Amino acid sequence: MGMETINAADWGVLPGDDVSLAARLGALLSTLRERPGVRLCMEPGIYHFYPQGLPLHRWNISNHDACGGQAAGLLLEGFRDFTLDGGGSRWVFHAQMLPCRVAHSSGVRLENFSLDLARPVYSEGVIREVRPQQMTVWIDPEKYPWHVENGRLVFTGENFRRAMHLWLEMDAKTRAPAWGTEDLYFCTETQKVGLHPAIKAAAGDLVQITLKGGEHFFAGSRAGNRLVFRHHPRTAPAVYAADSKDICCENIRVHHAAGMGFLAERCENVTLKRFDVTPSPGTGRCFSAAADAAHFVNCGGKVALERCRFENQMDDGLNVHGFYAVVRGRPGARRLLLDWGHPMQRGVQLAREGDVLALMQANVLRPAWQGKVRSVAEDKAGRMVVELETPPPLPEEGHWVAENLTLSPEVTVKRCVFRGNRARGMLLTCRSALVEDCLFEVPGAAVYLEGEAEYWYESGATRELVFKNNRFVNCSYIPAWGAAPIVACPKAAHSGGWFFHRRIALEGNSFFCFDERILQLRQTGEICMTDNRYRATRAYPPRKGTRYDIADCGCLREFHAFRTQEKDESTSAGETQARASRA
């Protein structure tokens, strides 16, 4: 049986700038919730979504800041076998709404539209002059309304007025994070670490920032480079999927979001195909999403990305992980009292009935005991009370954490592009992964494998990671975001022949590098290198380091590990990147 096709236009959902549009679409979706097998088609054009008339929801969204309540432009809860075809339309969201949420659904497919915010939650400026302790910056007041108030650079939007607390400098030519710079923090009422600038407005939409004492700007800062200002909390992903299965997003472009481009929690079998996170064309922006392009938390089954393009987002390209919950006590023979390790995970569900939970010491991260979950409840303080089928042992002295071993997916990433974003290419702490035919042109590590119970508490010891026929182009030129193109650095102590990551294989990859650094690996059981290629470039000044920085690992197996090609004599990063991209 084919799907039933419904035209949104027949229900009054048409392109335009109408404050009632979101409410009308919500009413239409309410009528379709109990009708599986529907394909809803929208007319081409520009749709403006406003929060008026929509309920506010308080969701606990992993790796996002808590907020007072959010309206969702597109809310799909309890849908089965449903397709929304945007028809190539452009969706513009106002007042920092959460654009799209899919929850408690199966077989949902989203396709053929683009997403943007009317007023981005980031702003931009252009450096006009720079000295070690003084910088003059031009900021377009129409695109990014701003003023100086009590010595602070304040930006305003449709429903916000917030002071800048961080900036990132972007190279004028490559439009990627500038060499010789990194995140630059400024002290605020809540951010206690950073510089203490004197800021004043000047004629011609210029702002002057002056430092004193021993404070100074980065030596790599240059006139003509762009500054991306952060002045807003990370509040909402563009597409947020939770407690769902068999979800597919295809031919979607996210140009901006107040958080991740795509975020999935406790989902099973998710596919992103031609899901692009890129700056909005025609705006001149150097930024896309405010955080990771795609992020998966406590997911299971299979996660697949194909032909996606992740560019200029202000955090990593892809991050797949679980999380460690902190053991606070044992209120019963079969019960554990658990808490969240990081504030951005608070309220996010760790486990469900039937999941397998493991206990381990935080500094070792090797499972010492595991058992099945019978139920999960909440105590008066909002913490998790997990009842298990068999009594767990009394935790010994030390810092103990719990991990969900069931919710860890198999990941495939094929023919995707990671370029020009703030930090790393991908973080994979999952059951297994195959990364094939991808391009990485990122300032930090292209691949960053961690796992730690100290700060983010992101979990996931991997069984096998295979990287095949990928291109790594001038990665890790900002070492604060990774000491080599491929990094594995779990914060786990060596434990009697047990390794956090079991096996990493690199087969047929091409590395375009401005120095010798390729691998920095720790706590990896087996490393296999086969038929990879190395080409020297002159994109950036070389840094000290060896090709293989490997310690506290198992065996290294090499089969024609690297074939060195002729030197690339290009003198600029842009020339090297362009040549490698066409290769």
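Higher on the page you've got the structure.
Reading the values: the criteria
- Residues numbered from 1 in each chain as written.
- Predicted model: local features only at pLDDT ≥ 70, side-chain atom pairs only at ≥ 80, totals over all residues.
- Heavy atoms only, no water.
- Helix = DSSP H or I, 4+ residues; strand = E, 2+ residues; numbered from the N terminus.
- Rg over C-alpha atoms; globule rule 2.2 N^0.38 Å.
- Buried < 20%, exposed > 50% of the residue type's maximum accessible area, 1.4 Å probe, protein only.
- Contact = heavy atoms within 4.5 Å.
- Lys, Arg positive; Asp, Glu negative; His and termini not counted.
- Charge placed at Lys NZ, Arg CZ, Asp CG, Glu CD.
- Phe/Tyr/Trp six-rings, centres within 6.5 Å; stacked < 30°, edge-to-face > 60°.
- Lys NZ or Arg CZ within 6 Å of the ring centre and 35° of its normal.
- Salt bridge = Lys/Arg side-chain N within 4 Å of Asp/Glu carboxyl O.
- Polar contact = N/O pair within 3.5 Å; in protein donor to acceptor, adjacent residues only side chain to side chain.
- Pairing = 2+ DSSP bridges.
- Axes fitted to C-alpha atoms, helices over the stretch in contact; angles between N-to-C directions.
- 1 Å grid on protein atoms, 1.4 Å probe; cavity = no way out; pocket = protein on both sides within 12 Å on 5 of 7 lines; lining within 4 Å.
- Points joined across faces, edges and corners; volume = space filled by probe spheres on them.
- Nonpolar A, V, L, I, M, F, W, Y, C, P; charged D, E, K, R; others polar.

### Details of the overall build of the protein chain
Here's step 1: Per the secondary structure count, the protein chain includes two helices and 47 strands.
Here's step 2: In summary, the protein chain has a C-alpha radius of gyration of 24 Å against a globular reference of 25 Å for 583 residues, a match within 12%.
Here's step 3: Its C-alpha atoms give the protein chain principal-axis dimensions of about 65 × 65 × 50 Å.
Here's step 4: Within the protein chain, the proportion of its 583 residues that are buried is 57%.
Here's step 5: The long-range fraction of contacts in the protein chain, counting pairs at least 24 apart against all pairs at least 6 apart in sequence, stands at 73%.
Here's step 6: Both charge centroids of the protein chain, one from 70 positive and one from 67 negative side chains, sit 2 Å from each other.

### Some words on the packing of aromatic side chains
Here's step 1: Counted according to the given criterion, the structure contains 19 aromatic pairs.
Here's step 2: On the numbers, 5.6 Å between centres and 90 degrees between planes, the contact of Tyr455 with Trp456 is edge-to-face.
Here's step 3: Ring centres 4.3 Å apart and planes at 20 degrees place the aromatic pair Tyr477 and Tyr540 in the stacked group. In this pair, Tyr477 is assigned in the loop between strand S40 (471-473) and strand S41 (486-488) and Tyr540 in the loop between strand S45 (524-536) and strand S46 (548-551), connecting sequence segments 63 residues apart.
Here's step 4: For Tyr540, a relative accessible area of 11% translates into the label buried.
Here's step 5: Each member of the aromatic cluster is reached from another via a ring pair, and the members are Phe155, Trp167, Phe186, Phe217 and Phe229.
Here's step 6: The ring of Tyr448 carries the charged tip of Arg424 above its face, separated from the ring centre by 4.4 Å.

### Some thoughts on the side chain of Glu452
Here's step 1: Within the element layout of this structure, Glu452 appears in the loop between strand S37 (447-449) and strand S38 (458-459).
Here's step 2: One buried charge, Glu452, has no salt-bridge partner; the nearest side chain with opposite charge is Lys491, at 5.8 Å.
Here's step 3: For Glu452, the side chain forms a polar contact with the main-chain nitrogen of Glu454, separated by 2.7 Å.
Here's step 4: A polar side-chain atom of Glu452 sits 2.7 Å from the main-chain amide nitrogen of Tyr455.
Here's step 5: Among all residues touching Glu452, those that are not within four sequence positions of it are Tyr324, Leu365, Tyr457, Glu458 and Lys491.

### Re the pattern of salt bridges
Here's step 1: All told, the structure shown has 36 salt bridges when counted by the stated rule.
Here's step 2: For Arg152, the salt bridge goes to Glu189, with nearest N and O atoms at 3.1 Å. Placement of Arg152 in strand S11 (residues 152-156) and of Glu189 in the loop between strand S14 (184-185) and strand S15 (198-202) is noted, with a sequence separation of 37 residues between them.
Here's step 3: Taking the relative accessible area as the measure of exposure, Glu189 reaches 58% and is therefore exposed.
Here's step 4: Linking Asp549 and Arg522 is a salt bridge whose minimum nitrogen-to-oxygen distance equals 3.1 Å. With Asp549 in strand S46 and Arg522 in strand S44 (residues 519-522), this residue pair connects regions lying 27 residues apart in the sequence.
Here's step 5: Connected through salt bridges with shared partners, the residues Arg39, Asp85, Arg109, Glu111, Glu250 and Arg274 form a single ionic network.

### Let's talk about the pairing of strand S7 (residues 106-117)
Here's step 1: The element S7 is extensively covered by neighbouring structure, given that nine of its 12 residues are classed as buried.
Here's step 2: Where strand S5 (residues 80-93) lies against S7, 10 bridges are found, and the strand directions are parallel. What sits directly across from Trp91, in S7, is Leu115.
Here's step 3: By the bridge criterion, seven bridges tie S7 to strand S19 (residues 245-254) in an arrangement that is parallel. Bridge pairing links Leu115 to Val254 in S19.

### Some remarks on the sheet that holds S11
Here's step 1: In spatial order, the strands read S10-S11-S12; together these three strands make up an open sheet with antiparallel pairing. With one partner strand each, in any of the chains shown, strand S10 (146-149) and strand S12 (161-163) form the two edges of the open sheet. For this sheet, the mean inter-axis angle between neighbouring strands, taken without regard to orientation, is 35 degrees.
Here's step 2: By the bridge criterion, four bridges tie S10 to S11 in an arrangement that is antiparallel. Looking at S11, one finds that Glu149 is bridged to Arg152.

### Points about the sheet that holds strand S30 (residues 384-388)
Here's step 1: Taken in spatial order, the six strands close into a barrel running S26-S27-S30-S29-S28-S31, and their pairing is antiparallel. Across the sheet, the axes of successive neighbouring strands diverge by a mean angle of 50 degrees, strand direction being ignored.
Here's step 2: Relative to S30, strand S29 (residues 369-378) is paired through five bridges, and the arrangement is antiparallel. Across the sheet, Val376 pairs through a bridge with Val386, a residue of S30.

### What to know about the layout of surface pockets
Here's step 1: Size it by volume and the largest pocket reaches roughly 1300 Å³.
Here's step 2: In terms of lining residues, the largest pocket is bounded by 48 residues, among which Tyr185, Arg230, Arg234, Tyr455 and Trp456 are the most central.
Here's step 3: Mapped by element, the contributors of at least two residues to the lining of the largest pocket are S12, strand S13 (166-170) and strand S17 (226-230).
Here's step 4: Split by residue class, the lining of the largest pocket holds 19 nonpolar, 10 polar and 19 charged.
Here's step 5: Where the lining of the second largest pocket is concerned, the elements lending two or more residues are strand S25 (318-323) and strand S31 (400-404).
Here's step 6: Among the elements that line the lining of the second largest pocket, the one with the most residues is S25, at three residues.
Here's step 7: Tallied by class, residues from the lining of the second largest pocket come to 12 nonpolar, nine polar and four charged.

### Here's the deal with empty space enclosed by the protein
Here's step 1: Tallying each qualifying case throughout the model produces one cavity of 30 Å³ or more.
Here's step 2: Residue lining of the largest cavity: Asn319, Leu427, Leu428, Thr429, Tyr448, Glu450, Gly451 and Glu458, and that is the complete set.
Here's step 3: Its residues assigned to classes, the lining of the largest cavity shows three nonpolar, three polar and two charged.

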